[in-house]
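Observations on the model geometry
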Amino acid sequence: MADAVAAALRDGKHLVAEAGTGVGKSFAYLVPVILAVAGEHGEDCKENGRDSKEVQGPKRLKKIVVSTHTISLQEQLLHKDLPLLNAVIPLECTAVLVKGRHNYLSLRRLDAALSRAGSLFGSEEELEQLRAVRDWSKSTKDGSLSDLSFRPTGSVWDEAASDSGNCLGKKCPTYKECFYYQARRRVFNAQILVVNHALFFSDLALRRAGASILPKYDAVIFDEAHTLEAVAGDHLGIRVSSGQVQYILNKLYNDRANKGLLVHHRCGEEQRQTLRCSQLADDFFRDVHNWMGAQQQTNGRVHMPEIVGNSLSPALEELAAMLRHRSSNIKDEAQRQDFVSAYERLMTLAGEIEVWRTHEIPEAVYWVETSPSRRSRPHIKLEAAPIDVGPTLRKELFEATHSVILTSATLSVGRQGSFEFFKSRIGLTQAGGIRLGSPFDFHRQAKLILVDGMPDPTADREQFDARCVALIRRYVARTDGRAFVLFTSYEMMRRAAGDLTPWLVQQDLALYSQADGMPRHEMLQRFKTNPRSVLFGADSFWQGVDVPGEALQNVIITKLPFSVPDQPLLQARLEAIRKRGGNPFMEYQVPEAAIRLKQGFGRLIRSQLDRGIVVLLDPRVRTKRYGQILLDSLPQCEVVIEPA
């Protein structure tokens, strides 16, 4: 894999590389990356006058981005893998973690927030948190949220965080001490930039508008690349919520608490306009909610533009203009910037609402999501995303970048290991490919149990769910806990938890259920430290979870992980495939399920010492013709069929 990555970097090619857990993917791309940015083309490394192990260095590149999906992998790269490789490779190179600007404290904004705290915050808790941030600011080394021992509320951190719209740059009195600009200088001087996918695609979206977060780079390594389509779709679309609008308006003027920026500056006319905007926002989102209630379909998809009127955007623009005019009369530059920043936020918000309402983004799907809120009105979210991210990624990423390497343990489908599905979804038409196995002996370490005689979950859902409960009990007892049970819906998870609780009490087995709202990291920690326990998980527990050792010996997969076809974005993508004459189920849903199933299976064996069983309760892997594709995508191991 290292040879393939080095060749791609040297020759300016793109590469898709699938490598199972335990191969050492991070070393396989980090070694060529270090040689590419710190070595000389065509020279071998030398140390103390002696040739080190001969490695032909790829073309010298100035800056390479390494992007991951999870924080845990970022921490592994920065605190474990890169320091080790820097110690053994006789070349000097620098690597930094790139964080979004909002992660950093602004000393100027903190001082401003402290000086007008009485007019900004309505609770003693907020004031205490602000004072704690002040105390921390005197000792912190990097001024980022991850260095803070507690998580301040959004209202407190928003007033003290670095903000591109509220920055004086070199004119700022704290510019030399600025945590954000210190970090930015490190970023521009570093050769390897470690980022997460969310920040990378935020940067890509900004580049389309002529701005950027990251400096110019020569190559990109995407680890955990199987998530690219989903993350890119999130950041290349629009998301505006009723809570977001109300939050921004309340920061300007909260009439109940008589707090906000406009109170501090005694801006009566602007306060009245803010209240008008707040009322119009309530009216706008109520109209959207009423429209939803009148529709026969319940998934919230919006097929036509202008489903409601929009008096809100013009009112927000009018308020923005008033703030801009007010700023021109403020002599203090820092205070003036507060108004300029608010002006820019309001204009962006007004524009995004109208873009969503009029369907200005071409080839996109639009929808509405609702959720309960503590107020009498529900929380409304307006969303839009490109149906196909491929054209944008092809133009803005693959055609614009010298070399892009995409790697994961789960990119291929079927026994032959085809990358066709993955490449087609991200618009990668030309790339090299390499598929590596795993150093684990799955025939010796793992057993796949298929259950014969289960009801079909589509044709007889109630009977299937009931049998699942009985079989979860059977297989959890077989390993005395030490089990993950992976679900595809929270509804089924809650029912199973309720039905199994009396039995778990009898067996003295602990249950950690994601449906109970416990944070994921806390669930994992408790599961690892309590061997006689069972973890019920959905969504995020199918991937990115690492429990090596005896704590996990059993992974029970209740249903095949097909995405719900009535979700608006998936629905639109399936329609697009059908429109061009394709088969949406076989071309999209089956390959996607195969990759997710492989991820779920992959939770079991994380080291060469691990042993255990994977139990698949869904009978469709044996009764449907697509089932063999799913089974062929899994690591080859002993398969046992047991009666239901």
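Refer to the structure presented above.
The sections below set out a description of the structure shown in this document. (Residues numbered from 1 in each chain as written. Predicted model: local features only at pLDDT ≥ 70, side-chain atom pairs only at ≥ 80, totals over all residues. Heavy atoms only, no water.)

**Quick look at the overall build of the chain**
Of the regular secondary structure elements, the chain holds 25 helices and 20 strands. In terms of C-alpha radius of gyration, the chain reaches 27 Å, essentially the compact-globule figure of 26 Å for 644 residues. The principal-axis extent of the C-alpha atoms belonging to the chain is close to 75 × 75 × 55 Å. Burial analysis of the chain (644 residues in total) assigns 53% to the buried set. For the chain, the accessible area works out to roughly 29,800 Å², and carbon and sulfur atoms hold 48% of it. For the chain, the distance from the average position of its 83 positive side-chain charges to the average position of its 77 negative side-chain charges is 1 Å. (Helix = DSSP H or I, 4+ residues; strand = E, 2+ residues; numbered from the N terminus. Rg over C-alpha atoms; globule rule 2.2 N^0.38 Å. Buried < 20%, exposed > 50% of the residue type's maximum accessible area, 1.4 Å probe, protein only. Areas by Shrake-Rupley, 256 points an atom, 1.4 Å probe, with all protein chains shown as cover. Lys, Arg positive; Asp, Glu negative; His and termini not counted. Charge placed at Lys NZ, Arg CZ, Asp CG, Glu CD.)

**Let's talk about helix H1 (residues 2–11)**
Buried residues of H1: Val 5, Ala 6, Ala 8 and Leu 9, and no others. All buried residues of H1 fall inside an arc of 160 degrees around its axis, so they share one side. Residues of H1 that are buried make contact with strand S1 (15–19), helix H2 (25–38), strand S4 (64–68), strand S7 (219–222) and strand S12 (403–408). Of the residues one or two after H1, Gly 12 is the one with positive phi, at around 70 degrees. (Arc of directions from axis to C-beta. Contact = heavy atoms within 4.5 Å.)

**Digging into the pattern of salt bridges**
Across all of its chains, the model carries 35 salt bridges by this definition. Linking Arg 207 and Asp 203 is a salt bridge whose minimum nitrogen-to-oxygen distance equals 2.5 Å. Highlighted residues: Arg 207 and Asp 203, both in helix H9 (residues 197–208), separated by four residues, approximately one helical turn. Assessed through its relative accessible area of 0%, Asp 203 is described here as buried. A salt bridge links Asp 618 to Arg 620, with the nearest nitrogen and oxygen atoms 2.6 Å apart. With respect to class, Asp 618 is no different from Arg 620; both count as buried. Where salt bridges share partners, they join Arg 461, Asp 465, Glu 491 and Arg 495 into one cluster. (Salt bridge = Lys/Arg side-chain N within 4 Å of Asp/Glu carboxyl O.)

**Re the sheet that holds strand S15 (residues 483–487)**
As summarised here, the arrangement of the seven strands in space is S16-S17-S15-S18-S19-S14-S20, forming an open sheet in which the pairing is parallel. A single partner strand is all that each edge strand has here, and the edge strands are strand S16 (510–513) and strand S20 (638–643). For this sheet, the mean inter-axis angle between neighbouring strands, taken without regard to orientation, is 20 degrees. Alignment of strand S18 (residues 554–557) against strand S19 (residues 612–616), held across four bridges, turns out to be parallel. (Pairing = 2+ DSSP bridges. Axes fitted to C-alpha atoms, helices over the stretch in contact; angles between N-to-C directions.)

**A word on the nonpolar core**
Formed by 44 residues in total, the largest nonpolar core has its most connected members in Leu 448, Phe 484 and Leu 630. Secondary-structure elements contributing two or more residues to this core are strand S14 (446–452), S15, helix H21 (520–529), S18, helix H22 (568–579), helix H23 (584–601), S19 and helix H25 (627–632). A total of seven residues in this core trace back to one element, the largest contributor, which is H23. Apart from the residues within four sequence positions on either side, Phe 484 is in contact with Leu 524, Phe 527, Leu 535, Phe 541, Val 545, Val 547, Leu 552, Asn 554, Val 555, Ile 556 and Arg 603. Membership of the second largest hydrophobic core comes to 43 residues, among which are Val 245, Ile 353, Trp 356 and Ala 364. (Core = buried A, V, L, I, M, F, W, Y, C linked by side-chain atoms within 4.5 Å.)

**Some words on helix H4 (residues 107–115)**
Residues separated by three or four positions in an α-helix point in the same direction, a consequence of the helix having 3.6 residues per turn. Turning to H4, its buried residues number three or more, namely Leu 107, Arg 108, Arg 109, Leu 110, Ala 112 and Ala 113. Looking at the packing, one finds that the buried side of H4 touches helix H5 (117–120), helix H6 (124–137), helix H7 (154–160), helix H8 (179–189) and helix H15 (333–358).

**Quick look at unusual backbone geometry**
Of note, the phi angle at Arg 482 is positive, near 50 degrees, even though the residue is not glycine. Its place among the elements puts Arg 482 in the loop between helix H19 (461–478) and S15. Using a relative accessible area of 19% as the deciding quantity, one classes Arg 482 as buried.

**Observations regarding the pairing of S19**
With respect to burial, S19 is a largely interior element, five of its five residues being buried. Of the two faces of S19, the one lined by Gly 612, Val 614 and Leu 616 and the one lined by Ile 613 and Val 615 are each fully buried. Where S14 meets S19, five bridges bridge the pair, whose relative direction is parallel. Note on S19: the bridge partner recorded for Leu 448 is Val 614.

**A closer look at the sheet that holds S12**
Spatial ordering of the open sheet is given by S5-S6-S4-S7-S12-S1-S13, a layout of seven strands whose pairing is parallel. The two strands at the open ends of the sheet, each matched to only one other strand, are strand S5 (95–97) and strand S13 (432–436). Ignoring strand direction, the axes of neighbouring strands in this sheet form an average angle of 15 degrees. Note: S1 against S13, five bridges, orientation parallel. Residue pairing across strands places Glu 18 opposite Arg 435, the latter belonging to S13.

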